[in-house]
Amino acid sequence: MPSKLTAKGKATRSRIVEGASAVLRERGVAWATLDDIMARTGTSKSQLFHYFPAGKDELLVAVAQFEADQVLEDQQPYLGRLDSWESWEQWRDAVIKRYEAQGDQCPLGSLFHQIGRSTPGARAIVVELLRRWQESLAAGVRALRDSGALPADVDADARAAALLAGIQGGVSILLSTGRSTHLRAALDQGIADLRRAGGGPAA
């Protein structure tokens, strides 16, 4: 990102990234062109290269970061307040809704396929996304533990890691088959296991 952007410059850059994201979703990463993005965002080539001097790959990395942030944003406000069983069920519904709406197309996965995970910053985006997601889940487990809904010896980090792994597996199968059956099972089983750990009913 160009250093010392003004507030207006930051807003323009964000508008380009969001517009590029919409174009890539509609046309596909492999088929979208810079001309498509310029037309959608109302920017000139000089403007585009001012904010993304390295060209399309740099823009794709910025869009990948936007898409990664959107993965977590689409789970709010539930992901940020997993302090009751009801909120866990609401979060579960939000995750399923998001990925069923996405279907067998994954903008983030397509972006990384196009730019390569070895591109500077690309792998870090994935690592940070998973870290933030797992930490939010672990915070939810700790909230239940602190409220007495779970015993004190429940390992919040391990539970969160297992649940996230289950979600990612379910999403991978959904992308291959177009069916959310396994994602639903992973979420339902993970939450049911937590409920049993707390001595409550599984459903």
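Scroll up to find the structure this text is about.
Summarised in this report is the structure supplied together with it. Quick caveat: nothing in here was measured; it's all calculated off a predicted structure. Throughout this description, residue numbers start from 1 for each chain and increase along the sequence as written. In keeping with the model being predicted, local features are shown solely for residues with a pLDDT of at least 70 and side-chain atom pairs are shown and tallied solely at 80 or more, while totals for entire chains, interfaces and linings include all residues. No hydrogens and no water enter the side-chain calculation; it runs on all heavy atoms of the structure.

Our next topic: the overall build of the protein. Each helix corresponds to a stretch of at least 4 residues labelled H or I by DSSP, and each strand to a stretch of at least 2 residues labelled E; elements are numbered beginning at the N terminus. For the protein, the helix and strand inventory stands at nine helices and zero strands. Going from N to C terminus, the protein has its helices and strands arranged as α-α-α-α-α-α-α-α-α. A total of 203 residues make up the protein; the buried ones form 40% of that total. If you take every contact in the protein between residues at least 6 apart in sequence, the share linking residues at least 24 apart comes to 65%. Computed by Shrake-Rupley with a 1.4 Å probe, the accessible areas treat only the displayed protein chains as cover when residues are assessed. Of the accessible surface of the protein, which amounts to about 10,600 Å², a share of 51% is contributed by carbon and sulfur atoms. A positive count includes Lys and Arg, and a negative count includes Asp and Glu. His and the chain ends are not counted in either. To locate a charge, take atom NZ for lysine, CZ for arginine, CG for aspartate or CD for glutamate. Treating the 25 positive side-chain charges of the protein as one cloud and the 24 negative ones as another, the clouds have centres 5 Å apart. Here the term buried applies to any residue with accessible area under 20% of the maximum for its type, exposed to any over 50%, and partly exposed to those in between, with areas from a 1.4 Å probe on protein chains only. Note on contacts: a residue pair qualifies if any of its non-hydrogen atoms lie within 4.5 Å across the two residues.

At a minimum axis separation of 7 Å, helix H8 (residues 156-177) and helix H9 (residues 181-197) run at an interaxial angle of 165°. With respect to H9, the axis of H8 lies roughly antiparallel. Both H8 and H9 take part in a crossing whose hand is right-handed. For the pair H8 and H9, contact is made by Arg159, Leu163, Gly166, Ile167, Gly170, Val171, Ile173 and Leu174 and by His182, Leu183, Ala186, Leu187, Gly190, Asp193, Leu194 and Ala197, respectively. For this classification, the nonpolar set comprises Ala, Val, Leu, Ile, Met, Phe, Trp, Tyr, Cys and Pro, the charged set comprises Asp, Glu, Lys and Arg, and every other residue, Gly included, is treated as polar. Looking at the contact of H8 with H9 residue by residue, the classes come out as ten nonpolar, four polar and two charged. Here an angle of 0 to 180 degrees is reported between the N-to-C directions of two axes, which are lines fitted to C-alpha atoms, with helices fitted over the stretch in contact. Throughout this description, any angle smaller than 35 degrees is read as roughly parallel, any larger than 145 degrees as roughly antiparallel, any in the 65 to 115 degree range as roughly perpendicular, and the remainder as oblique. Left-handed describes a crossing whose near helix is turned anticlockwise from the far helix through less than a right angle; right-handed describes the clockwise counterpart.

A word on the side chain of Arg92. Summarising the element assignment, Arg92 is placed in helix H5 (residues 85-102). Here a polar contact is recorded for every N or O atom pair within 3.5 Å, except that within protein the pair must consist of a potential hydrogen donor and a potential acceptor, and residues adjacent in sequence are included only if both atoms are side-chain atoms. For Arg92, the side chain forms a polar contact with the side chain of Asp93, separated by 2.8 Å. A polar contact of 2.8 Å, which involves the side chain of Arg92, links it to the side chain of Asp188.

For the rest of this paragraph, the subject is the environment of Ile191. With respect to the helices and strands, the residue Ile191 is situated in helix H9. Through-space distance from the C-alpha of Ile191 to that of Leu111 is 31 Å; in sequence the pair is 80 residues apart. Residues within four places of Ile191 in sequence aside, it is in contact with Trp85, Trp88, Glu89, Trp91 and Arg92.

Regarding helix H2 (residues 34-41), the residues found buried are Ile37, Met38 and Thr41. Relative to the axis of H2, the buried residues are bounded by an arc of 100° and lie together on one face. With respect to the buried face of H2, the exposed residues turned more than 90 degrees away are Asp35 and Ala39. On its buried side, H2 packs onto helix H1 (7-27), helix H3 (45-51) and helix H4 (56-73). As used here, the arc belongs to the directions running from the helix axis to the C-beta atoms.

With that settled, the discussion passes to the nonpolar core. Here, nonpolar core means buried Ala, Val, Leu, Ile, Met, Phe, Trp, Tyr and Cys residues that are tied together by side-chain atoms lying within 4.5 Å of each other. Of all hydrophobic cores here, the largest spans 55 residues; its most connected members are Leu59, Trp88, Trp91, Trp133 and Leu137. With nine residues, H4 is the largest single contributor of residues to this core. Those residues in contact with Leu137 that sit more than four places away from it in its chain are Leu79, Leu82, Trp88, Trp91, Ala160, Leu163 and Leu164.

Listed as buried for helix H6 (residues 107-115) are Pro107, Leu108, Leu111, Phe112 and Ile115. Down the axis of H6, the buried side of the element spans an arc of 130°, and every buried residue falls inside it. Among the structural elements, H1, H4, H5 and helix H7 (122-146) are those in contact with the buried residues of H6.

Turning our eyes to something else, we now look at unusual backbone geometry. In this structure, Pro77 follows Gln76 across a cis peptide bond, with omega equal to 5°. Among the structural elements, Pro77 can be located in the loop between H4 and H5.

With that settled, consider the packing of aromatic side chains. Geometry of aromatic contacts follows a simple scheme: Phe, Tyr and Trp rings, the Trp one being its six-membered ring, pair when their centres are within 6.5 Å, and the pair is stacked under 30 degrees between planes, edge-to-face over 60, tilted otherwise. Per the counting criterion, the structure on display carries one aromatic pair. Their ring planes at 85° and their centres at 5.6 Å tell us that Trp88 and Trp91 sit as a pair that is edge-to-face. Separated by three residues within a single helix, Trp88 and Trp91 lie in helix H5, roughly one turn from each other. Across the pair, Trp91 and Trp88 agree in class, each one buried.

Let's shift gears to the packing of H4 against H6. Relative orientation of the contacting elements H4 and H6 amounts to 155°, with a least axis distance of 9 Å. Here H4 lies roughly antiparallel to H6, going by the angle between them. For H4 against H6, the interelement crossing comes out left-handed. Counted together, Asp57, Leu60, Val61, Val63, Ala64, Glu67 and Ala68 of H4 and Pro107, Leu108, Leu111, Phe112, Gln114 and Ile115 of H6 form the full contact between these two elements. Within the contact of H4 with H6, the residues separate by chemical class into ten nonpolar, one polar and two charged.

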